[in-house]
Amino acid sequence: MTREVHLLAFGNTRSAGPWRHPDIDSSTDAVRRRLIDHARTAEAATFDAVFFADGLNFGPPATWPYKTTEDFEPFTTAGALSSVTERVGLVLTGSATLQHPYHLARQLSSLDHLSAGRIGWNLVTSFAQAAADNFSTDGVVEHDERYRIAEEAIDVVKKLWDSWAAGAIVADRESGIFHDVSKIHVPDHHGTYFDVKGPIGAARSPQGQPVIFQAGSSDTGSLFAARHAEVIFTGQGNRGRAQRFYQRIHDEAARQGRPVAPLITPSLWYLVGSTEEEARRVEQTAYEYFSPEYQAGWLLEVDVDVTGADLDGPVPASAFPDHTETHQTALAGYRALATEGNPTVREFLFRTVAGWGAQVVGTPEQIADQIEDWFTSRAADGFVLKDPGLPGQFETFTEQVVPVLRKRGLFRHEYRGTTLRDHLGLDVPPNRNEITA
Ligand SMILES: Cc1cc2nc3c(=O)[nH]c(=O)nc-3n(C[C@H](O)[C@H](O)[C@H](O)COP(=O)(O)O)c2cc1C
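The name given to the protein chain in an unreviewed UniProt entry is Nitrilotriacetate monooxygenase [Agrobacterium fabrum str. C58], and the organism recorded there is Mycolicibacterium parafortuitum. Taken verbatim from the UniProt record of the protein chain, the Sequence similarities (unreviewed entry) comment is "Belongs to the NtaA/SnaA/DszA monooxygenase family."

In structure tokens:
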């Protein structure tokens, strides 16, 4: 089949938003309605999926008054949205280091059943102290150790997902026998971090296994992603870097004997206007309404501290530590953003709204050009789109950019299947308990 662009959209609509804009209602009920509208808009435009990020914490200290309330918890959000949508995928973040693999396996499998096969798991290794503080831990686990925990967690989760082989349910009314017990495999896992007997209490889900998404970009993280991810999220500031990352992942996946390399979908922060002039106006509006104070508080999570600095002065070098055990890729990315072109603290903070990933401001054609350029030059297989949270931007993307991509033969006109695996062109993984030598 011809290669096609995959499009995902950040589903979190509140935390990204410039909430001071007069047309944005920040009430909890408005957030609920916006989540539903957003997922339905993505579905009407045949997006692969909406994605719910999560950090298992409130963010900066609760005394920081600029922090907006978070969106809702992602597992329950995906459950609710699965009943008001039919085709669009729902990718949700679950921590392999802070959430127990038994819960993860069970909840994700259950959601995959409830959504008829539309769930993806964004597997993260939680880096924030504020998250560790919520889980009776001794603090944030050291970076590479987090990946060792994740290795074992994903192994346990997959064993649980595979614990029911095909044909396990016989439901023989006459004999009263419901299960063929020879088809139910008890993982009985005993490892370094987890002891989990299993099995889970439900048959294998429609996708066999929910799709695994991962975003490790450090050396250890990208090895983990190349080994386990079916789709990789990443932040890449320019095409050259993205191409090198793409190649590195493909080489590593091949070295590990994977027959199909993971799909790579960098984040793309966009601002769209019908004309270049309008796009610049939208950018001005985004700049006007973004909250540098909010953003500064958020950066504390990755040990970047500009909280005391003059917003209109240069970024102090002391804002960046030499090393962090939190998020090494973010620290390097933000350091680069602070040095390119000597921005003021306010300008620097505005840049970080897009993380350290790609940004594009332009007309539908210009945005489609960038997507096409990265896609055809093997810098990306698709994108996870982050909109600035201004009213109407996501709708404009779906109404004006998507048709351009379709006209160029880069994006589907309609869904061809019903599951997230169908949209992504991924096979159902074999069940380890059904493989015969
Ligand atoms: C597009 C994208 C989305 C991410 N979403 C989350 C998230 O929701 N929660 C989280 O804890 N980390 C998230 N991350 C961070 C990664 O999961 C990961 O922690 C990070 O890349 C650090 O890993 P590394 O040190 O191996 O690079 C995201 C990263 C990217 C690029």
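Now, onward.
Side chains of strand β2 (residues 49-52) alternate between two faces, with A49 and F51 and V50 and F52 buried alike. Relative to β2, strand β1 (residues 6-10) runs parallel, the two being bridged by 3 bridges. What sits directly across from L8, in β2, is A49. Sheet topology places β2 next to strand β3 (residues 89-95); 4 bridges connect them, and they run parallel. Following the sheet pairing, F51 is matched in β3 by V91. One crossover worth recording links β2 to the parallel β3 by way of helix α2 (residues 74-82), and it is right-handed.

Further remarks concern the UniProt feature "binding site: FMN" (unreviewed entry) in the protein chain. The positions UniProt marks with the feature "binding site: FMN" (unreviewed entry) are D54, T93, H143, Y147, S217 and S218. Within the fold, H143 resides in helix α5 (residues 143-161). By relative accessible area, which is 6% here, H143 ends up buried. When near neighbours in sequence (up to four residues on either side) are disregarded, S218 contacts H143, Y147, Q328 and T329. A polar contact is formed between the side chain of S218 and the backbone nitrogen of G221, at a distance of 3.0 Å.

Here the focus is the pattern of salt bridges. With the rule as written, the count across this model stands at 18 salt bridges. With a closest N to O distance of 3.0 Å, R204 and D162 form a salt bridge. Note that R204 is positioned in the loop between β8 (195-196) and β9 (211-214) and D162 in the loop between α5 and β5 (169-172), a separation of 42 residues in sequence. The class of D162 is buried, set by a relative accessible area of 2%. For the salt bridge of R346 with D312, the shortest nitrogen-to-oxygen distance reads 3.2 Å. With R346 in helix α11 (residues 345-351) and D312 in the loop between α9 (292-299) and α10 (328-339), this residue pair connects regions lying 34 residues apart in the sequence. Given the relative accessible area of 26%, R346 is considered partly exposed. D312 gets classed as exposed once you look at its relative accessible area, which sits at 52%.

Let us now look at the packing of aromatic side chains. Applying the stated criterion to the full structure yields 17 aromatic pairs. An angle of 85° between the planes, with centres 5.5 Å apart, marks the rings of F47 and F394 as edge-to-face. Residue F47 is found in the loop between α1 (28-44) and β2, and its partner F394 is found in helix α13 (residues 393-407); the two are separated by 347 residues along the sequence. Residue F47 shares its accessibility class with F394, and that shared class is buried. Ring geometry for Y147 against F224: centres 5.6 Å apart, planes inclined by 50°, an arrangement best described as tilted. Residue Y147 is found in helix α5, and its partner F224 is found in helix α6 (residues 219-228); the two are separated by 77 residues along the sequence. Taking relative accessible area as the criterion, Y147 reaches 8% and is therefore assigned buried. Judged by its relative accessible area of 1%, F224 falls in the buried class. Chaining the aromatic ring pairs together yields one cluster made of F47, Y270, F394, F397 and F411.

What follows deals with unusual backbone geometry. Both trends apply: most residues other than glycine have a negative phi, and most peptide bonds are in trans. For the bond from G198 to P199, the omega torsion is 0°, close enough to zero to count as cis. With respect to the helices and strands, P199 occurs in the loop between β8 and β9. Unusually for a residue other than glycine, N342 sits at a positive phi of about 45°. Within the element layout of this structure, N342 appears in the loop between α10 and α11. By relative accessible area, N342 is classed as exposed at 68%. Even without being glycine, R378 reaches a positive phi, approximately 55°.

Here α13 spans 21 Å end to end across 15 residues, near enough to the 21 Å set by a 1.5 Å rise per residue. Of all the bends in α13, the greatest, near 30°, is centred on V401, and the proline P403 appears no more than four residues after it. On the buried face of α13, the contacting elements are β1, α1, β11 (263-272), α8 (276-289), α12 (364-376) and β13 (382-386). Just downstream of α13, G409 is the residue with a positive phi angle, here 75°.

Conventions used here
Residues numbered from 1 in each chain as written. Predicted model: local features only at pLDDT ≥ 70, side-chain atom pairs only at ≥ 80, totals over all residues. Heavy atoms only, no water. UniProt positions renumbered as here; feature names shortened; annotations may be inferred. Buried < 20%, exposed > 50% of the residue type's maximum accessible area, 1.4 Å probe, protein only. Helix = DSSP H or I, 4+ residues; strand = E, 2+ residues; numbered from the N terminus. Pairing = 2+ DSSP bridges. Right-handed = clockwise from strand over helix to strand, strands pointing away. Contact = heavy atoms within 4.5 Å. Polar contact = N/O pair within 3.5 Å; in protein donor to acceptor, adjacent residues only side chain to side chain. Salt bridge = Lys/Arg side-chain N within 4 Å of Asp/Glu carboxyl O. Phe/Tyr/Trp six-rings, centres within 6.5 Å; stacked < 30°, edge-to-face > 60°. Expected span 1.5 Å × (residues − 1). Bend = angle between axes of the 7 residues up to and from the residue.

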